[in-house]
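Listed below are the residues making up each chain.
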Amino acid sequence: AVTFEDGVLLARRRGELMKEAAEAEGAAAGKMLSVVGLAEEELQGICRQAAPEGSGALCQIVNNLFPSGFVLSGTAAAIDVAKGIAKDRGAQKTSELKGCSAGFHTELMRPAEEPLRKYLIDLARSERLRSPEITVYSSQTGERWLPGTPVMSLVDGITRGLTTANQWEDTCRCIIDDGVEFFWEIGPMKQLKAMMRHIDFTQWKAMKCIDC
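Predicted model, so just to flag it, every value in this text is computed and none were measured.

(A) Representation of the packing of helix α4 (residues 113-125) against helix α5 (residues 151-160). For the pair α4 and α5, the least separation of the axes is 9 Å and the interaxial angle reads 155 degrees. Comparing the axis directions of α4 and α5 gives the class roughly antiparallel. For the element pair α4 and α5, the recorded crossing hand is right-handed. Counting all contacts with α4, which are made through Glu113, Leu116, Arg117, Leu120, Ile121 and Ala124, the residues of α5 involved are Val151, Met152, Val155, Asp156, Ile158 and Thr159. Its residues placed into classes, the contact of α4 with α5 shows 8 nonpolar, 1 polar and 3 charged.

This is the structure we're talking about:
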C-alpha cells in the first residue's frame, strides 16, 4: 500500500531514473516498436535476426499486450531492422512508440535498478510503502500481490520491472479468472479497452472508461 501522493512521487522518480539511464554517457540509443498480427514465436525469431548473439545489438519482446499484439524494445538500429522484417512477414501494424526513445524494459535500463531499489527501500523503512491491504495485480511481473505480501516482494517486483517484459495480457486474464466482473479505464484515448477487445470480448463490452 502507498498513498496517492507517494505513488505520484514514486512514478516521477522511476521516470527520472529511466531517463538518466537512457541519456547516460555511452548509453546505446534505444527505441520501442508496437507489432500487431504476428505470433509470439515468429516475433522472437525476428528479434534474433535483428540482434544476432554477440553483435552488441538488442531486440526483445517487452510487452505482451494481447494475442498477436506485442511491443519490442532494444537498440535503435536493431528495432529498425525488426520493423522491416516484421513488415515483410505480413504484420498488420508496426509503429514506433512516440515518447519512448529508449530501450525500456531491457538491460539498457540496468543502471536505474539500484537507485530505484534504494528509493523503494527508503519508502518501506519509513512505512510509506507497506504490504497491500487488497489484492494488487502487477502487470510488470504477472504476480498477484495478496494482502499481507511482504513489502520486499513489492520492492523486488517493481525494481525487476525496469528490465523485464510486461505481462499485460496474462495479468488481465488472471484478474478475470479471479472473478472480477467489471473493468474501468481511467485516462484518455481508451487504449486499455481497445486491447481488452482482443483479450476477452465479454469484458470488453462491459468495460467502462473515464476520460480525464
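What follows continues from the structure just given.
(B) Geometry of helix α2 (residues 40-50). Here α2 has its buried residues at Leu43, Gly45, Ile46, Cys47 and Ala50. Here the buried face of α2 lies against β1 (30-36), β2 (59-66), β3 (69-75) and α3 (76-88).

(C) Structural detail: unusual backbone geometry. Positive phi, normally seen in glycine, also occurs at histidine 105, with a value near 65 degrees. Relative to the helices and strands, histidine 105 is located in the loop between β4 (93-96) and α4. For histidine 105, a relative accessible area of 11% translates into the label buried. For methionine 189, which is not a glycine, the phi torsion comes out positive at approximately 80 degrees.

(D) Structural view of the pattern of salt bridges. Following the criterion strictly, the structure yields 17 salt bridges and no others. For arginine 160, the salt bridge is made with glutamate 143, and the minimal N-O distance between the two is 3.6 Å. Taken together, the residues span a long stretch of sequence, with arginine 160 in helix α5 and glutamate 143 in the loop between β5 (136-137) and β6 (144-145) at a distance of 17 residues. Assessed through its relative accessible area of 32%, glutamate 143 is described here as partly exposed. A cluster of three or more residues bridged by salt bridges with shared partners is formed by Arg12, Arg13, Glu16 and Glu20.

Here is what the cut-offs are and how they apply
Residues numbered from 1 in each chain as written. Predicted model: local features only at pLDDT ≥ 70, side-chain atom pairs only at ≥ 80, totals over all residues. Heavy atoms only, no water. Axes fitted to C-alpha atoms, helices over the stretch in contact; angles between N-to-C directions. Helix = DSSP H or I, 4+ residues; strand = E, 2+ residues; numbered from the N terminus. Parallel < 35°, antiparallel > 145°, perpendicular 65-115°, else oblique. Left-handed = near helix turned anticlockwise from the far one by under 90°. Contact = heavy atoms within 4.5 Å. Nonpolar A, V, L, I, M, F, W, Y, C, P; charged D, E, K, R; others polar. Buried < 20%, exposed > 50% of the residue type's maximum accessible area, 1.4 Å probe, protein only. Salt bridge = Lys/Arg side-chain N within 4 Å of Asp/Glu carboxyl O.

These values are about where atoms sit, not about what they do.
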